[in-house]
Amino acid sequence: MFSRQFFAILFLFISFQIFSQEEYLLKANTIPSELKHNANAVVRFDDIHINIQSYNKMVYNNKRIVTILNEAGDSKDGTYQHYDKNTSIKKLEARIYDVDGNEIKKFRKNDFEDVSAVPGGTLYSDNRVKYLRYTPINYPYTIVFETEVEYSSTAFIPGWRIIEGFAVSTQNAEYKITNESEIELKIKTSNFEDYKIEKQSDYHYLAKDLKAIKHEAYSPPFKSYAPFLKAALTEFNMEGVRGVNNNWLDFGKWMDENLISDTQNLSQEAKDEVKTLTINAKTKIEKAKIVYEYMQNKTRYISVQVGIGGWKPMYANDVDRLGYGDCKALSNYTKALLNEVGVESYYTVIYGDKNIRSIDKDFSVTEGNHVILCVPNDNDYVWLECTSQTVPFGYNANFTDDRDALIITPEGGKIKHTKIYNTKDNLQETKAEITIDESGGLVANVKIQTYGTQYDYHDDIEKEEVKDQKLHYKEYWDNISNLDIISMAFDNDKDEVVFTENIKVSATKYMTEIGDVILLEPNMFNKMSSAPPRYRNRKLPFEIDRGFTDIDEFEIVIPSGMQIETLPEKVIIKNKFGEYSSSIQKKADTENTLIFKRIFILSKGAFNKEDYKAFREFRLQVVKHDKSKIALKKK
């Protein structure tokens, strides 16, 4: 038998090894040079262990060592911990070390700042966060952060981001789940094979020496190429309510029965009012539009992060009485109103963001950050954003468009794809009547009409103060010096979803004189001035997630005392990235009037990194031709 002395020596040896490894990781000069390349921070060590003890209890332990290389890396220290009434923080501490691994400062649990974890626009919330407020004196420095957290809710099992975003490399990382419950645990890994992640067992993984990824223009969503893991129990606890999650169908059915169905009662007064409003409507879509606009006029958005895990909406009757709610409450309230007028609709969980992100159709888990409403319309769907008081009925561009969403039906959850706004429909038409005077100044009446995704880029201007509107146009047309905004008028047609701007402007000395030649750039009001950045060795593929079309036509009257010397050649470019054409010619039966026409189309698509050089060259050609000039001479 082994003696006690042997075990004591063995324990000391192991302890010494662990101590020596940590001492090594605390010194910034021990970071391999390849991990510092393109990095603002290096995760030296990140050990995550999740112990699922039952369907309603799990314990999360994490120890991480991060070296911050420069000021841009300060936000990557990870020294924070979210909590709510279902969470108990058992341990929270941090230690700061200088470049040589000498301890500078130590922080205990009570030294961390404790604030609300939601935006200032939130009415009330149970969600809070403890975070470390530390201002470094010198770089690099290293933080050791340790936390132990006990959860009574198992609906949200922490996943694993092995590379924690752009400009962060990972030297050592470990993720392990111990499942002591008798409930099935589901795991999904993405892109592990590209990063040589080692699988120790079904729920245990190791990663080493993952280099930082540099951000590149037009790169796809980070999760589409970075390694990532997510986990979910097939049965879970969400604030005392037992949930089922074998697949999206039964997860959605659980949501419908436990989170939504008992929240849609309305007062008789509210029922009568909405029925009266829609009494003459001939179709269900007409009814839905009336109800939607009624909801917009009656309510306002205020975040309310309470209820079952922040997932259960306020009661519809409370929203009707109080006149406010968050995305869950307002969508649910609109659904309740539609129920009363016989229009079917579905509560819908989605990722709301300008970047396109889908609910994972192949892996059911509590995810999504937003709720909208879905109204079936024959073989299609109308998607309603219920948090805005101004957005047109059925318009969801640039926030919930073109992505998979989870609609909650009485039969269960179903994944459906939201509206795609096509390149030709994302249209901006600019027309201008321009008069040039003898001194080279100009006066112009400009009309801009925008549709599809481009509507969303323009319609907010009418809500601004006049001084801010003028500033907007001076910045938009910054290629014109000494620009003065004479008048502005707007028309927002929400039925057709088209926004019209009528702007009258003037400017002095727009033309340039070089000797006896006068140069005039005909593209005054929709000029592309820059191209995507150049990369000597691009690493990532690229995407154009929303295509668009610009059509411009300007009528330019030049002074009678000037004559045309040369006009730019007609240009036509077509490739897989889009199209560009421009031309300028004399207007029929006139001497001094020119017609400038331009079309620029950027096509939606996903492309290999090898295509980026050609894409950039296409954009450079557009910039070049947008600067083309007319040569004039005085008679």
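All values reported here derive from a predicted model rather than from experimental measurement. Starting from 1, residues in each chain are numbered consecutively following that chain's sequence as written. pLDDT decides what is reported in this predicted model: residues at 70 or higher carry local features, side-chain atom pairs at 80 or more are listed and counted, and totals for whole chains, interfaces and linings draw on all residues regardless. Just so you know, side-chain values use all the structure's heavy atoms and leave hydrogens and water out.

Let's talk about the overall build of the protein chain
Then comes step 1: In this description a helix means any DSSP run of H or I spanning at least four residues, a strand means any run of E spanning at least two, and both kinds are numbered starting from the N terminus. Within the protein chain, the secondary structure is distributed over ten helices and 39 strands.
Then comes step 2: Its C-alpha atoms give the protein chain principal-axis dimensions of about 110 × 70 × 40 Å.
Then comes step 3: Relative accessibility under 20% of the residue-type maximum defines a buried residue, over 50% an exposed one, and the middle range a partly exposed one, all with a 1.4 Å probe and only protein chains included. Relative to its full complement of 635 residues, the protein chain shows a buried share of 50%.
Then comes step 4: Pairs at least 24 apart in sequence give 71% of the contacts found in the protein chain among residues at least 6 apart.
Then comes step 5: Areas reported here follow the Shrake-Rupley algorithm with a probe of radius 1.4 Å; residue values treat only the protein chains shown as occluding. Roughly 31000 Å² of accessible area belongs to the protein chain as shown, and the carbon and sulfur atoms make up 47% of that amount.
Then comes step 6: Counting 85 positive and 96 negative side-chain charges, the protein chain places the averaged centre of each group 3 Å from the other. In what follows, a contact means two residues having at least one pair of non-hydrogen atoms within 4.5 Å. The charge count includes Lys and Arg as positive and Asp and Glu as negative, but it does not include His or the ends of the chains. The atoms used to mark charge sites are NZ of Lys, CZ of Arg, CG of Asp and CD of Glu.

Considerations on the confidence of the model for the protein chain
Then comes step 1: pLDDT expresses how confident the predictor is about each individual residue, on a scale running from 0 to 100. Here the protein chain averages 93 in pLDDT, and 94% of its residues register 70 or above.
Then comes step 2: In the predicted structure, residues 9–18 sits below a pLDDT of 50 and forms zero contacts with residues beyond four places in sequence or in another chain.
Then comes step 3: For the stretch residues 120–124, pLDDT sits under 50, and the model shows 14 contacts to residues farther than four places along the chain or on other chains.

Considerations on the nonpolar core
Nonpolar side chains in soluble globular proteins generally cluster together in the buried interior.
Then comes step 1: Buried Ala, Val, Leu, Ile, Met, Phe, Trp, Tyr and Cys residues that are joined via side-chain atoms within 4.5 Å together make up what is termed a nonpolar core. Counting residues in hydrophobic clusters, the biggest one holds 65 residues, and the most contacted among them are Ile434, Trp477, Leu520, Met524, Phe525 and Ile556.
Then comes step 2: Considering every element that reaches this core, the biggest residue donor is helix α7 (residues 327–340), with six residues.
Then comes step 3: If we skip the residues at most four places from it in the chain, Ile434 touches Leu442, Val443, Ala444, Met524, Phe525, Phe554, Glu555, Ile556 and Val557.
Then comes step 4: Met58, Val149, Ile177 and Tyr225 belong to the second-largest nonpolar core, a separate cluster that totals 31 residues.

Some details on the packing of helix α5 (residues 284–298) against α7
Then comes step 1: Contact geometry of α5 with α7 gives a least axis separation of 10 Å together with a crossing angle of 135 degrees. Overall, the two elements α5 and α7 adopt an arrangement that is oblique. Considering the relative orientation of α5 and α7, their crossing is right-handed. Within the contact between the two elements, α5 uses Ala288, Val291, Tyr294, Met295 and Lys298 and α7 uses Tyr333, Thr334, Leu337 and Leu338.
Then comes step 2: Here the nonpolar group is Ala, Val, Leu, Ile, Met, Phe, Trp, Tyr, Cys and Pro; Asp, Glu, Lys and Arg are the charged ones; every other residue, Gly included, is treated as polar. Of the residues belonging to the contact of α5 with α7, the class tally is seven nonpolar, one polar and one charged. Note on definitions: angles span 0 to 180 degrees between N-to-C directions of axes, and those axes are lines fitted to C-alpha atoms, for helices only across the stretch in contact. When an angle is under 35 degrees it counts as roughly parallel; over 145 it counts as roughly antiparallel; between 65 and 115 it counts as roughly perpendicular; any other value is oblique. Crossing handedness is read from the near helix: turned anticlockwise from the far helix by less than a right angle, it gives a left-handed crossing, and turned clockwise, a right-handed one.

Examining the layout of surface pockets
Then comes step 1: Cavities and pockets were defined on a 1 Å grid built from protein atoms only: a cavity is a group of points that admits a 1.4 Å probe but offers it no way out, a pocket is an open group of points flanked by protein on both sides within 12 Å along at least five of seven lines, and a lining residue is one with an atom within 4 Å of any such point. Grid points are joined across faces, edges and corners, and a volume is the space filled by probe spheres set on the points. Approximately 500 Å³ is the volume attributed to the second largest pocket.
Then comes step 2: Along its surface, the second largest pocket is lined by 20 residues, and Asn38, Ala212, Ile213, Lys214 and Lys539 are the ones closest to its centre.
Then comes step 3: Class assignment of the residues belonging to the lining of the second largest pocket gives a composition of seven nonpolar, three polar and ten charged.

A look at the sheet that holds strand β11 (residues 168–179)
Then comes step 1: Spatially, β5-β4-β9-β2-β1-β11-β14-β13 is the arrangement adopted by the eight strands of the open sheet, whose pairing is mixed. Either end of the sheet is taken by a strand with one partner, and the two such strands are β5 (103–107) and β13 (198–201). When strand polarity is set aside, the average angle formed by the axes of neighbouring strands in this sheet is 10 degrees. Two strands qualify as a pair provided DSSP detects at least 2 bridges between them.

Considering the pattern of salt bridges
Then comes step 1: The salt bridge criterion pairs a side-chain nitrogen of Lys or Arg with a carboxyl oxygen of Asp or Glu, the two atoms within 4 Å. For the structure on display, the rule yields 41 salt bridges.
Then comes step 2: For Lys230, the salt bridge is made with Asp360, and the minimal N-O distance between the two is 3.0 Å. Residue Lys230 is found in strand β15 (residues 228–233), and its partner Asp360 is found in the loop between β21 (346–350) and β22 (370–377); the two are separated by 130 residues along the sequence.
Then comes step 3: Overall, Lys230 belongs to the buried group, its relative accessible area being 16%.
Then comes step 4: Overlapping salt bridges bring together Glu22, Lys63, Lys91, Glu93, Arg95, Arg108 and Glu146 as one network.

Thoughts on the packing of aromatic side chains
Then comes step 1: Note on aromatic contacts: the rings of Phe and Tyr and the six-membered ring of Trp form a pair at centre separations within 6.5 Å, being stacked when their planes are under 30 degrees apart, edge-to-face when over 60 apart, and tilted otherwise. Per the stated rule, a full pass over the model turns up 36 aromatic pairs.
Then comes step 2: Seen in terms of ring centroids, Phe156 and Trp311 are 6.2 Å apart; in terms of plane orientation they differ by 55 degrees. Their pairing is tilted. With Phe156 in the loop between β9 (141–151) and β10 (160–161) and Trp311 in the loop between β19 (303–305) and α6 (316–322), this residue pair connects regions lying 155 residues apart in the sequence.
Then comes step 3: Pairing Phe192 with Tyr205 gives two aromatic rings, centres 5.4 Å apart and planes at 85 degrees, and the pair type is edge-to-face. In this pair, Phe192 sits in the loop between β12 (185–190) and β13 while Tyr205 sits in strand β14 (residues 204–210), placing the two residues 13 residues apart along the sequence.

Looking at empty space enclosed by the protein
Then comes step 1: Tallying each qualifying case throughout the model produces three cavities of 30 Å³ or more.
Then comes step 2: For the largest cavity, the calculated volume is near 60 Å³.
Then comes step 3: Lining the largest cavity are Pro522, Pro568, Glu569, Val571, Ser582, Ser583, Ile584, Phe596, His625 and Ser628.
Then comes step 4: Considering every element that reaches the lining of the largest cavity, the biggest residue donor is strand β36 (residues 578–586), with three residues.
Then comes step 5: When grouped by side-chain class, the residues that make up the lining of the largest cavity number five nonpolar, four polar and one charged.

Re the environment of Tyr421
Then comes step 1: Looking at the element boundaries, Tyr421 is found in the loop between β25 (412–417) and β26 (427–436).
Then comes step 2: For Tyr421, a relative accessible area of 8% corresponds to the buried category.
Then comes step 3: Placed 127 residues apart in sequence, Tyr421 and Phe548 show a C-alpha to C-alpha distance of 9.0 Å.
Then comes step 4: Each residue touching Tyr421, except ones within four places of it in the same chain, is listed here: Gly394, Tyr395, Asn396, Ala397, Asp401, Asn426, Gly452 and Thr453.

With respect to the sheet that holds strand β30 (residues 512–514)
Then comes step 1: The sheet built from four strands is open, its strands ordered β30-β31-β39-β34 with antiparallel pairing. The sheet is open, and its two borders are formed by β30 and β34 (562–566), each paired with just one other strand. On average, each strand axis in the sheet is tilted by 35 degrees relative to the strand beside it, whichever way the strands run.
Then comes step 2: As judged from the four bridges shared by β34 and strand β39 (residues 630–634), these two strands associate in the antiparallel manner. Of the residues in β39, the one forming a bridge with Met562 is Lys634.

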